[in-house]
Amino acid sequence: MESRRLWHRNILRPVAVALAIIAVYMFLFMEMMIYEGQSEHANLYDAFYWVISTFTTVGYGDIVFNSPYGKMFSVFVQLTGIPLVFGILFTLVIIPWMEKKIQSTIPSRAHKDLREHTIICGYNRLIETLIEELKENDIPYILIEEDKELVRELLKRNIYTIYGTVYEEVTLKNANIDAARSLIANHSDEMNANIVLTARNISDVNIIAIAEDRSNKKYLKYAGATSVVSPKELFGRFMGRKAADPFINRLTGATEFFEGIDIIELPIYPKSPLIGKSMKSASIRERTGANVVGMWKSGKLTFMIKPDEPIKEDSVLLATGSSEQLSRLKGLTQHSGRDEINGKHK
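The paragraphs below set out a description of the structure included in this document. Since the model is a prediction, treat every value here as computed from it, not as a measurement.

1. A word on the packing of aromatic side chains
Here comes step 1: Evaluated as defined, the whole model comprises 10 aromatic pairs.
Here comes step 2: Between Y25 and F73 the ring centres are 6.2 Å apart and the planes differ by 85°, which places this aromatic pair in the edge-to-face class. Placement of Y25 in helix α1 (residues 2–35) and of F73 in helix α3 (residues 68–103) is noted, with a sequence separation of 48 residues between them. By the burial criterion, Y25 is buried, and F73 matches it.
Here comes step 3: Geometrically, the ring pair formed by W50 and F73 is stacked, given 5.6 Å between the ring centres and 15° between the ring planes. In this pair, W50 is assigned in helix α2 (residues 44–55) and F73 in helix α3, connecting sequence segments 23 residues apart. F73 shares its class with W50; the two are buried.
Here comes step 4: An aromatic cluster is defined as three or more aromatic residues linked by ring pairs; in this entry it consists of Y25, F29, W50, F55, F65, F73 and F76.

This is the structure:
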């Protein structure tokens, strides 16, 4: 509502200035017409017609000044009219209006029949894994994003997304929070605190907050989160489990991230058919159903994996998915992938 008021204020001011200038020029035009003896044109209709046609540099030539003062007045109106029309009017009125019309094509409200769904505030690779699991289990969801271009991209990929400011009450209500089964806050810890506070103020929905810093977990709890998940803490537990258990290729070493979704680290073995392929050409998601969310490269873990990133013999994949999906991926990382082909899972 505040942004709408601000938009209206920014529009009204230049429009009021433009109308005031037009009124002054119309008055001067009529005075000049009387001065030159062309009193038949000294009326509001001709004055408005002349001012606008001069502003836009159309100049039909049917009403002209003959005196030097009148001609100089015409030049002055032309010079001030060009920046007024093409500068102020286009920049502050017409272009923002067109942008607002274009933005209105981006959905900002969930379907009124959406019920028992999960609201996800913020998108990333881990959330994409969750969305895939929700789809497979026929659990409705809605994603809220603040980036218009990202919203358009996600909609093209058939990911149900609406545009809005994630911590605003109106946005959460537009996502049907009163009928939701859960809400996942997936932004920075500070932003998540605002999301949790707003959501808890208007609903008793189950709120899951994802914390970047484990030290902030208690504050998110204080804000009203039902539970707080720290991916870094989960990864740390997994690494500790791996260090304690040298048999890291056993799927029993997986750590549960969300219900039904595990996260596991899978090294690439010398006979793996994935070696030499890029992440895109490997088609891991299509072949196994699992999602690769991270990769160890030269002793460093990165979550920013490019499509052309090569898979090497010393690579280690950090993947999420169900036990069955991760078992299929394990088969590909170990040898020729006969586990995947034969449908056998160790």
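2. Things to note about the side chain of T54
Here comes step 1: In this fold, T54 is placed in helix α2.
Here comes step 2: In this structure T54 comes out as buried when scored by relative accessible area, which is 7%.

3. Describing the pattern of salt bridges
Here comes step 1: Following the criterion strictly, the structure yields 4 salt bridges and no others.
Here comes step 2: Note that E149 and R152 form a salt bridge whose closest N and O atoms lie 2.8 Å from each other. Residue E149 and its partner R152 are located together in helix α5 (residues 148–156), separated by 3 residues, close to a single helical turn.
Here comes step 3: Owing to a relative accessible area of 55%, E149 belongs among the exposed residues under this scheme.
Here comes step 4: Where E169 meets K173, a salt bridge forms, and the shortest distance between an N and an O atom there is 2.9 Å. One end of the pair is E169 and the other is K173, both in helix α6 (residues 169–174) and 4 residues apart, which spans about a single turn.
Here comes step 5: The class for E169 is partly exposed, based on a relative accessible area of 34%.
Here comes step 6: With a relative accessible area of 44%, K173 lands in the partly exposed category.

4. Description of the sheet that holds strand β1 (residues 118–121)
Pairing between the strands of a sheet is mediated by backbone hydrogen bonds and can be parallel or antiparallel.
Here comes step 1: Strand order in this open sheet of 6 strands is β3-β2-β1-β4-β5-β6, and the pairing throughout is parallel. Because the sheet does not close on itself, it has two edges, and the strands there are β3 (161–163) and β6 (227–229). Each strand of the sheet is rotated relative to its neighbour by a mean of 20°, with strand direction disregarded.
Here comes step 2: For strand β4 (residues 182–185) and strand β5 (residues 206–210), the ladder comprises 4 bridges, and the chain directions are parallel. Counted as the bridge partner of S182 is N206 from β5.
Here comes step 3: Sheet strands in contact with helix α4 (residues 125–136) are β1, β2 (141–145), β4 and β5, and its direction is about 165° off that of β1.
Here comes step 4: Contacts from helix α7 (residues 189–202) reach β1, β4 and β5, with the element oriented near 175° to β5.

5. Here's the deal with α2
Every α-helix winds through 3.6 residues per turn, so residues three or four apart in the chain are directed the same way.
Here comes step 1: The terminal C-alpha atoms of α2 lie 16 Å apart, and with 12 residues this matches the ideal 16 Å at 1.5 Å per residue to within 8%.
Here comes step 2: Here α2 has its buried residues at D46, A47, W50, V51, S53, T54 and F55.
Here comes step 3: Among the residues trailing α2, T57 stands out with phi positive, at a value near 60°.

6. Observations regarding the nonpolar core
Here comes step 1: Judged by nonpolar contacts, the single largest core of 27 residues is most densely connected at I119, C121, I144, L172, I177 and L183.
Here comes step 2: Sorting the residues of this core by element identifies β1, β2, β4, α7, β5 and α8 (217–223) as the ones contributing at least two each.
Here comes step 3: The element that contributes the greatest number of residues to this core is α7, accounting for 5 residues.
Here comes step 4: Discounting residues that sit within four places of it in the chain, I177 has contacts with I119, L172, L183, A199, I202, S203 and V205.
Here comes step 5: Counting 18 residues, the second largest nonpolar core, distinct from the first, contains A18, M30, F65 and F73.

Basis of the calculations
Residues numbered from 1 in each chain as written. Predicted model: local features only at pLDDT ≥ 70, side-chain atom pairs only at ≥ 80, totals over all residues. Heavy atoms only, no water. Phe/Tyr/Trp six-rings, centres within 6.5 Å; stacked < 30°, edge-to-face > 60°. Helix = DSSP H or I, 4+ residues; strand = E, 2+ residues; numbered from the N terminus. Buried < 20%, exposed > 50% of the residue type's maximum accessible area, 1.4 Å probe, protein only. Salt bridge = Lys/Arg side-chain N within 4 Å of Asp/Glu carboxyl O. Pairing = 2+ DSSP bridges. Axes fitted to C-alpha atoms, helices over the stretch in contact; angles between N-to-C directions. Contact = heavy atoms within 4.5 Å. Expected span 1.5 Å × (residues − 1). Core = buried A, V, L, I, M, F, W, Y, C linked by side-chain atoms within 4.5 Å.

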